[in-house]
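# Close look at the chain arrangement
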Amino acid sequence: AQSVTQLGSHVSVSEGALVLLRCNYSSSVPPYLFWYVQYPNQGLQLLLKYTSAATLVKGINGFEAEFKKSETSFHLTKPSAHMSDAAEYFCAVKGNTGFQKLVFGTGTRLLVSP
Amino acid sequence: DTEVTQTPKHLVMGMTNKKSLKCEQHMGHRAMYWYKQKAKKPPELMFVYSYEKLSINESVPSRFSPECPNSSLLNLHLHALQPEDSALYLCASSQGSGRVDEQYFGPGTRLTVT
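Basis of the calculations
Residues numbered from 1 in each chain as written. Chains lettered and ligands numbered in written order. Predicted model: local features only at pLDDT ≥ 70, side-chain atom pairs only at ≥ 80, totals over all residues. Heavy atoms only, no water. Buried < 20%, exposed > 50% of the residue type's maximum accessible area, 1.4 Å probe, protein only. Helix = DSSP H or I, 4+ residues; strand = E, 2+ residues; numbered from the N terminus. Pairing = 2+ DSSP bridges. 1 Å grid on protein atoms, 1.4 Å probe; cavity = no way out; pocket = protein on both sides within 12 Å on 5 of 7 lines; lining within 4 Å. Points joined across faces, edges and corners; volume = space filled by probe spheres on them. Axes fitted to C-alpha atoms, helices over the stretch in contact; angles between N-to-C directions. Disulfide = S-S within 2.5 Å. Salt bridge = Lys/Arg side-chain N within 4 Å of Asp/Glu carboxyl O. Contact = heavy atoms within 4.5 Å. Buried area = accessible area lost by both parts, 1.4 Å probe. Polar contact = N/O pair within 3.5 Å; in protein donor to acceptor, adjacent residues only side chain to side chain. Nonpolar A, V, L, I, M, F, W, Y, C, P; charged D, E, K, R; others polar.

Before going further, it helps to examine the pairing of strand β5 (residues 44-50) of chain A. All names here are of chain A. Burial within β5 is extensive, with 5 of its 7 residues counted as buried. Where strand β4 (residues 32-38) lies against β5, 6 bridges are found, and the strand directions are antiparallel. Among the inter-strand pairings, Q38 is bridged to a residue of β5, identified as L44. Counting the residues in the hairpin turn of β4 and β5 gives 5 residues, including N41, whose phi is positive at 60°.

See below:
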């Protein structure tokens, strides 16, 4: 069964600083991986997805993530944080055979200070 | 357009009431999902409809009754709920085919059971 672990329930950065949100996956086969963002009192918005086409994936709002099989990681980064990036971020995984449920990590709250 | 709409945005109901949540998408997706999200937690899958048929019920209590009248519409009928059922209820949809089949989420309905 697939699972993801998000290290750090809260990450604090200053505006303009690098954002790094960590996600490690556990899967017996290369999975599909996703990052979602949830702003307060809203639904989840898909930021980006890994589908094995390319290891470096670019998403919306300047975010990108790199799939590293050797480290079983899919960390989310953004070169320069903006106040509007403050939100909850979820990493999610699903298997690549048949119907597979989307399995979410516990989430990381990104706090951005001026 | 990757929009999933949900109504109402907020709902307060007593434990003896009957109410319904509505979800709609016009992306031609053939899979639709209900999730429950408690505060500071990731979404938990409740039901999956595939091609208008219920394909997954994650052992959800019978006081929650899903319905898929057509490929664009998904309802969740609520009856005799408990205060612990208070949560954000998220609807999602996906193509229902293909390998990746990423899910798109609606804004959610904030349910309070009194």
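Moving on, there is more to tell.
Moving on, we get to the layout of surface pockets. Roughly 260 Å³ of internal volume is contained in the second largest pocket. Q38(A), R109(A), A39(B), K40(B) and R110(B) are the residues nearest the centre of the second largest pocket, which is lined by 14 residues in total.

Next up on the list: the sheet that holds strand β3 (residues 19-26) of chain A. All names here are of chain A. Across the sheet, 5 strands lie side by side as β1-β3-β8-β7-β6; this open sheet has antiparallel pairing. Each edge of the open sheet carries a strand with a single partner, namely β1 (3-7) and β6 (56-58). Adjacent strand axes in the sheet meet at a mean angle of 20°, parallel and antiparallel pairs treated alike. As judged from the 4 bridges shared by β3 and strand β8 (residues 73-78), these two strands associate in the antiparallel manner. In the strand pairing of β8, N24 is matched with S73.

Put plainly, a disulfide is one covalent bond tying together the sulfur atoms of two cysteines. All names here are of chain A. A complete count under the given rule lists 2 disulfides over all chains for this structure. With its sulfur 2.0 Å from that of its partner, C23 forms a disulfide with C91. Here C23 and C91 share a disulfide; its torsion about the S-S bond, -60°, makes the bridge left-handed. With C23 in strand β3 and C91 in strand β9 (residues 87-94), the pair connects residues that are 68 residues apart, well separated along the chain. By relative accessible area, which is 0% here, C23 ends up buried.

What follows is about the pattern of salt bridges. Residue and element names in this part refer to chain A. One pass over the structure, following the stated rule, counts 9 salt bridges over all chains. A salt bridge links K58 to E64; the shortest N-O distance between them is 2.8 Å. Among the residues examined, E64 registers a relative accessible area of 24% and is labelled partly exposed.

Hydrogen bonding along the main chain pairs the strands of a sheet, whether they run parallel or antiparallel. Residues and elements named next belong to chain B. Ordered in space as β1-β3-β8-β7, the 4 strands form an open sheet in which the pairing is antiparallel. Looking at strand neighbours, the two that pair on one side only are β1 (4-7) and β7 (64-70), the edges of this open sheet. Each strand axis lies, on average, 20° off the axis of its neighbour in the sheet, ignoring direction. Relative to strand β8 (residues 73-79), strand β3 (residues 18-25) is paired through 7 bridges, and the arrangement is antiparallel. Directly across from C23, in β8, lies its bridge partner L74.

Okay, the interface of chain A and chain B next. Taken together, the 19 residues of chain A in the interface contact 23 residues of chain B. Buried surface at the junction of chain A and chain B, both sides included, amounts to about 1,700 Å², of which 56% is carbon and sulfur. For the pair chain A and chain B, the number of links is 2 salt bridges. With its nearest N and O atoms 2.5 Å apart, the salt bridge here joins E102(B) to K49(A). Applying the counting criterion to the chain A and chain B interface returns 6 residue pairs in polar contact (both at pLDDT 80 or more). Secondary-structure elements contributing two or more residues to the side of chain A that touches chain B are β4, β5 and β9 of chain A. With 4 residues, the single largest contributor to the side of chain A that touches chain B is β4(A). Here the residues of the side of chain A that touches chain B sort into 9 nonpolar, 7 polar and 3 charged.

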